[in-house]
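# Understanding the architecture of this molecule
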Amino acid sequence: MATEHDATRERLRGLVEAGIALSSELSLDALLQKLVETAAELTGARYAALGVIDRTRSGLERFVTAGLDEETRREIGDPPHGRGILGVLVRDATPLRLHDIADDPRSVGFPPGHPPMKTFLGVPVLLRHVAYGNLYLTEKLDGGDFTEDDEELVRLLAGQAAVAIENARLYESATRWSRQLESLNEVASALVSETSLVPLLRLIASRLRELVDARLVMIALPAPDGAMAVAAAAGENAEEALRRPEIAQRSKTRAVFERKRMERLSSVLDDPEIDQEAARRWGVTSGMWVPLIVRDRAVGVIAVHDKLGDDPRFADEDLRLAEGFAIRASAAVELSERVQRDSLRRVVAAQELERRRLARELHDETGQALTSILLGLKAVEEAKSGEQRDKAAADLRQLVVSTLQDVRRLAVELRPKALDDFGLLPALERLAQTFTEQVGIATDVEASLGETRLPAEVETALYRLVQEALTNVIKHSRARHVSILLVRKANSVSAVIEDDGVGFTEPSKDGIGLIGMRERVGLLDGRLEIESRPDHGTTIVAEVPL
C-alpha cells in the first residue's frame, strides 16, 4: 500500500513539475514536444503523440511524436491527418481508452513500416471548452492497459498544457505582431526619406516575404505601352524574375491588375489564368495576388508564392498582411508619380523661362542687329560714291561681327562646346573670362580635379551651377570680385563660389535661380549651402557624390 501511495505521490510531483516546465516554455514547437514526452513518462507509455487541430476543425495540421526514431518516421511517411481512431477524438473531443486498437470498428489500420500498437489512451487538450488538439498514448511499458488513473493524470496534464499552449500562441502572436509593426514602421519611414521607387518596392517585397514566410515575392508595375514587368523581387528565383521581368498578357498578375481584386490559389496548376511557363520557370505551386490601388486606379500587383514549410498554402492572415503592404506599395508608386510630375513641371517651367529669355535676347539684340544689317545693305546699295560704299561696307562688317559674337554667346549659354570637348575646368575658365569682359567683375578660377574627367552629368550640373551663380552676381550682388574653387575628394567633388558683394539676410524663396541650383544638386544626391550677410558677400557651396 505504501508503495502504491509513493507511486501516486511521485506521479503527482511529476505532474506539478511538468506544469511548471510547460508554463515556462514560450516556443510552441518546443512546448508541444515537451508535452508528449512528459505524457509518455508519467503514464509509462512507449509511444506518445499530439495532434494539433487545424482551423477548419476537421483534421490535424501538426503531429508531434515521442518514442519513434528518425528512421521509423521516414519509413512511415506522411503524418496522419485525423482519420480512423484519431478522427474520433477530433470530432468528439472526449477521452478514449482501448485494449486493442484493431478491435475497434472505427480503426483504419496502420501504414507500412508503422510499429505495432495495441493499447491506446486518447485525451483532448481543452481550454474553456475549446479543443486545441489531442494527446495519444499507446503501448504501456508494463504490457497492461491504460487505467483510469492514467486517464485522470493525462487529463490534468492536458488541462495545464492547454493553458501553456494558449500562452505560447499568444506570445507568438504578440511577437509576430511586433515584427509586423516594425516592418510597417520601417516601410513608412522609407516612404518619407526615400525618393527612388525601386529601393522602396524592394524593401516592401523583402519585408513581406519575411513576415508571411514566402519563398518568392514579386511586385509588377505597368509600363506606358500597357505591358507589365517585375520591378522588385525578393526570395528564391528573385534574380531570375528580374532578369526576365516581362509579365505575359495572359497571366494571373494581369487578370488581378485588370479586375482590381485580390486572389489566392492553393495550386497554380488548377487555374487557367496562370502563365504556366512562368510558373515552371519560377518553380511556384501556390500564390496570392494583391493589386496596388490608387484612387480606384490599379498601379501594380504584389504576387506572393509558396509558403515555406510542409504546407505551401497561404492563410487569411497572410492575405490580410499582404493587403497592408500593398497599401504601402501603392503609396510609394503614387509618391513616385507625383515626384515625376512635379519634376517634369519644374523642368518645363525652367525650359520655358530659358526660352523666354533667349527669345527676348534674339528679338532685342539679334533681331535688331539683323534689321540693322538690312539697313546697312541698303546703304551700300544706295551709295553714290566709292568712298560712301566703302564706309557703309565697313559699318556693315562691324555689325555682322558684333551679331556673330552675340549668337556665339547665346550658343555658349545654351551648351558650351568646351564643356564637351575639354571638360569642366576649361569651360569654366572660358565662362569666367567672358563674364569679366562683359561686366567688368574680376573672376578667378582655381581647381584641383585630378587627371580624370568627372562624369558628364556632374560636369554639366556644376557648370550650370556656376553659370547661375554668376547671373545672380550680376543681378543682385554689386560685387567687385568673384572666386570659383573646385576640389575633388575621394568620393565627392565640391564647388565654392564666393563674391564680395552686398550680401543679404534671407534669400528669396521665390528665386527661380536658387531653386534650379538646389534641384540640379539634389538630382545627383548632393547638397547645397548658401551663406550670406549684409555687406559681407555671399558664398555658395555645393558638394556632389561621385
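Residues numbered from 1 in each chain as written. Predicted model: local features only at pLDDT ≥ 70, side-chain atom pairs only at ≥ 80, totals over all residues. Heavy atoms only, no water.

### Digging into the overall build of the protein
Within the protein one finds 15 helices and 16 strands. Among the 546 residues that make up the protein, the fraction classed as buried is 42%. Look at the contacts in the protein between residues 6 or more apart in sequence, and 61% of them connect residues 24 or more apart. (Helix = DSSP H or I, 4+ residues; strand = E, 2+ residues; numbered from the N terminus. Buried < 20%, exposed > 50% of the residue type's maximum accessible area, 1.4 Å probe, protein only. Contact = heavy atoms within 4.5 Å.)

### Overview of the nonpolar core
Ranked by size, the top nonpolar core spans 34 residues in total, and within it Leu424, Leu462, Leu465 and Ile497 carry the most contacts. Those elements that provide at least two residues to this core are helix H12 (417-421), helix H13 (424-439), helix H14 (456-477), strand E13 (481-488), strand E14 (492-499), helix H15 (512-523) and strand E16 (538-545). Sort the elements by how many residues they give to this core and H14 lands first, with nine residues. Leave out the neighbours within four places in its chain, and Leu465 touches Ile497, Met517, Val521, Leu528 and Ala542. By size, the runner-up hydrophobic cluster in this structure holds 33 residues, among which are Leu197, Leu221, Ala232 and Ala322. (Core = buried A, V, L, I, M, F, W, Y, C linked by side-chain atoms within 4.5 Å.)

### A short note on the environment of Asp149
Tracing the backbone through its elements, the reader meets Asp149 in helix H5 (residues 148-193). Separated by 106 residues in sequence, Asp149 and Thr43 place their C-alpha atoms 9.0 Å apart.

### Describing unusual backbone geometry
Non-glycine residue Asp213 carries a positive phi angle of around 55°. Here Asp213 shows up in the loop between helix H6 (197-212) and strand E6 (214-222). A positive phi is found at Asn237, a non-glycine position, where the angle reads about 65°. By secondary structure assignment, the location of Asn237 is in the loop between strand E7 (228-235) and helix H7 (238-243).

### Section: the environment of Gln398
With respect to the element layout, Gln398 can be found in helix H11 (residues 386-414). Owing to a relative accessible area of 53%, Gln398 belongs among the exposed residues under this scheme.

### Side note on the side chain of Thr443
Looking at the element boundaries, Thr443 is found in strand E12 (residues 442-448). According to the relative accessible area criterion, Thr443 is buried, its value standing at 13%. A distance of 3.4 Å separates polar atoms of two side chains, one belonging to Thr443 and the other to Thr436. Reaching out from Thr443, the side chain makes a polar contact with the backbone oxygen of Ile441 at a distance of 3.1 Å. (Polar contact = N/O pair within 3.5 Å; in protein donor to acceptor, adjacent residues only side chain to side chain.)

### What about the environment of Leu486?
Within the secondary structure, Leu486 sits in strand E13. Leu486 sits ten residues away from Val496 along the chain, and the two C-alpha atoms are 6.5 Å apart. Filtering out sequence-adjacent residues up to four positions away, Leu486 remains in contact with Leu424, Leu428, Glu446, Ala447, Ser448, Leu449, Ser494 and Ala495.

### Quick notes on the packing of H13 against H14
How two helices sit against one another is set out by the angle between their axes and by the gap between those axes. Put simply, H13 and H14 touch, their axes get as near as 10 Å, and they point 15° apart. If you check the angle between H13 and H14, you find them roughly parallel. Crossing of H13 over H14 shows right-handed handedness. On H14, the residues touching Leu424, Ala427, Leu428, Leu431, Phe435 and Val439 of H13 are Glu459, Leu462, Tyr463, Val466, Gln467, Leu470, Val473 and Ile474. (Axes fitted to C-alpha atoms, helices over the stretch in contact; angles between N-to-C directions. Parallel < 35°, antiparallel > 145°, perpendicular 65-115°, else oblique. Left-handed = near helix turned anticlockwise from the far one by under 90°.)

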